[in-house]
Amino acid sequence: MSVRCGIGYDLHRLADGRKLMIGGIEVPFDKGPVGHSDGDVLAHALVDALLGGAGLGDIGTHFPDSDPKWKGANSLLFLEHARKLLEEKHFSIEHIDAVVILERPRLGPHFPKMREALAKSLRVPTERIHLKAKTNEGVDAVGRGEAIACHVVATLSL
Ligand SMILES: [Zn+2]
């Protein structure tokens, strides 16, 4: 068995009146990410980690933001597509570890639902998806509440 790791990163600006979508779940808040799709940083970083581990390029290659098809798209669709690409290459998803960086609101209470949604899209047990939240200690754009960021490491086997 061969093991591969992929890394993914994403950041979106936050604006008033947008839905805060993270890990396929809407988190109640007065601001949300600006983006061509639903701006789900966790889903986007996860797609990049999966594609990276499998050597299949990145999210921009597969879902160009110039394509009107993806305007306002639910990012779980991107995850399902990435999962199919991995399956075609016979990769299994062993583990996902993610850090979402956001000043407010607290994400911990929403993690069980996010893990469930992500696990369903990827067709893996929820135990394989690990989520963590950090604030940026008031520093930089994320710390001022102007942006949300996410880092993901995906471990794949072949
Ligand atoms: Zn994104």
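Residues numbered from 1 in each chain as written. Predicted model: local features only at pLDDT ≥ 70, side-chain atom pairs only at ≥ 80, totals over all residues. Heavy atoms only, no water.

Engineer: Break down the environment of glycine 72 for me, citing the residues and quoting the values.
Structural biologist: Mapping glycine 72 onto the fold places it in the loop between helix 2 (59-62) and helix 3 (76-88). Of the residues examined, glycine 72 reaches a relative accessible area of 54% and is grouped as exposed. Residues glycine 72 and arginine 106, spaced 34 residues apart in sequence, show a C-alpha to C-alpha distance of 25 Å. (Helix = DSSP H or I, 4+ residues; strand = E, 2+ residues; numbered from the N terminus. Buried < 20%, exposed > 50% of the residue type's maximum accessible area, 1.4 Å probe, protein only.)

Engineer: Any chance you could break down unusual backbone geometry for me, citing the residues and the numbers?
Structural biologist: Looking along the chain, the bond that leaves arginine 104 and enters proline 105 is cis, with omega of -10°. Topologically, proline 105 is positioned in the loop between strand 5 (92-101) and helix 4 (111-122). Despite not being glycine, histidine 90 shows a phi value in the positive range, around 65°. With respect to the helices, strands and loops of the structure, histidine 90 is situated in the loop between helix 3 and strand 5. Overall, histidine 90 belongs to the exposed group, its relative accessible area being 62%.

Engineer: So what about the pairing of strand 6 (residues 129-134)? Which residues, and what values?
Structural biologist: Summarising the sheet, strand 5 and strand 6 pair through 6 bridges and their orientation is parallel. Pairing of valine 99 across the sheet is with lysine 132, part of strand 6. Since strand 5 and strand 6 lie parallel, the crossover through helix 4 that links them has a hand, and here it is right-handed. (Pairing = 2+ DSSP bridges. Right-handed = clockwise from strand over helix to strand, strands pointing away.)

Engineer: Could you give an account of the pairing of strand 7 (residues 147-157), naming the residues involved and the relevant values?
Structural biologist: Along strand 7, 8 of the 11 residues are buried, which leaves the element largely enclosed by surrounding structure. Direction of pairing for strand 1 (residues 3-16) relative to strand 7: antiparallel, over a ladder of 11 bridges. Considered in strand 7, the bridge of cysteine 5 is made with threonine 155. In this sheet, strand 7 lies alongside strand 5 in antiparallel orientation, the contact comprising 9 bridges. Residue aspartate 97 lies in a different strand from strand 7, and its bridge partner there is valine 153.

Engineer: Could you give me a rundown of the nonpolar core, with the residues and numbers involved?
Structural biologist: In terms of nonpolar packing, the biggest core is built from 46 residues, with Ile22, Leu42, Leu50, Met114 and Val152 touching the most fellow members. Secondary-structure elements contributing two or more residues to this core are strand 2 (20-22), strand 3 (25-27), helix 1 (41-54), helix 3, strand 5, helix 4, strand 6 and strand 7. No other element matches helix 1, which puts 9 residues into this core. (Core = buried A, V, L, I, M, F, W, Y, C linked by side-chain atoms within 4.5 Å.)

Engineer: Can you explain the sheet that holds strand 4 (residues 31-33)? Please cite residues and give values.
Structural biologist: Working definition: the strands of a sheet are paired by backbone hydrogen bonds and lie parallel or antiparallel to each other. Here 5 strands make up an open sheet; going across it, the order is 4-1-7-5-6 and the pairing mixed. At either margin of the open sheet sits one strand with a lone partner, and together these are strand 4 and strand 6. Across the sheet, the axes of successive neighbouring strands diverge by a mean angle of 20°, strand direction being ignored. Along the sheet, helix 1 makes contact with strand 1, strand 5, strand 6 and strand 7, crossing strand 1 at roughly 155°. (Axes fitted to C-alpha atoms, helices over the stretch in contact; angles between N-to-C directions. Contact = heavy atoms within 4.5 Å.)

Engineer: Break down the side chain of arginine 83 for me, citing the residues and quoting the values.
Structural biologist: With respect to the element layout, arginine 83 can be found in helix 3. Excluding anything up to four places from it in sequence, arginine 83 contacts Ser121, Leu122 and Arg123.

Engineer: A description of the packing of helix 1 against helix 3 should follow, citing residues and the corresponding values.
Structural biologist: Packing of helix 1 against helix 3 brings their axes to within 9 Å, and their N-to-C directions diverge by 10°. Between helix 1 and helix 3, the interaxial angle falls into the category roughly parallel. Residues Ala43, His44, Leu46, Val47, Leu50, Leu51 and Ala54 of helix 1 pack against Phe78, Leu79, Ala82, Leu85 and Leu86 of helix 3. Looking at the contact of helix 1 with helix 3 residue by residue, the class counts come to 11 nonpolar, 1 polar and no charged. (Parallel < 35°, antiparallel > 145°, perpendicular 65-115°, else oblique. Nonpolar A, V, L, I, M, F, W, Y, C, P; charged D, E, K, R; others polar.)

Engineer: Please give an account of the environment of threonine 135 that cites residues and values.
Structural biologist: If you trace the backbone, threonine 135 turns up in the loop between strand 6 and helix 5 (140-143). Remark: the alpha-carbon pair of threonine 135 and alanine 149, spanning 14 residues in sequence, is separated by 10.0 Å. In this view, threonine 135 contacts Ile101, Leu102 and Glu103; residues no more than four positions away in its chain are not counted. A polar contact of 3.2 Å, which involves the side chain of threonine 135, links it to the backbone nitrogen of glutamate 137. (Polar contact = N/O pair within 3.5 Å; in protein donor to acceptor, adjacent residues only side chain to side chain.)

Any functional reading would require information that these geometric values do not contain.
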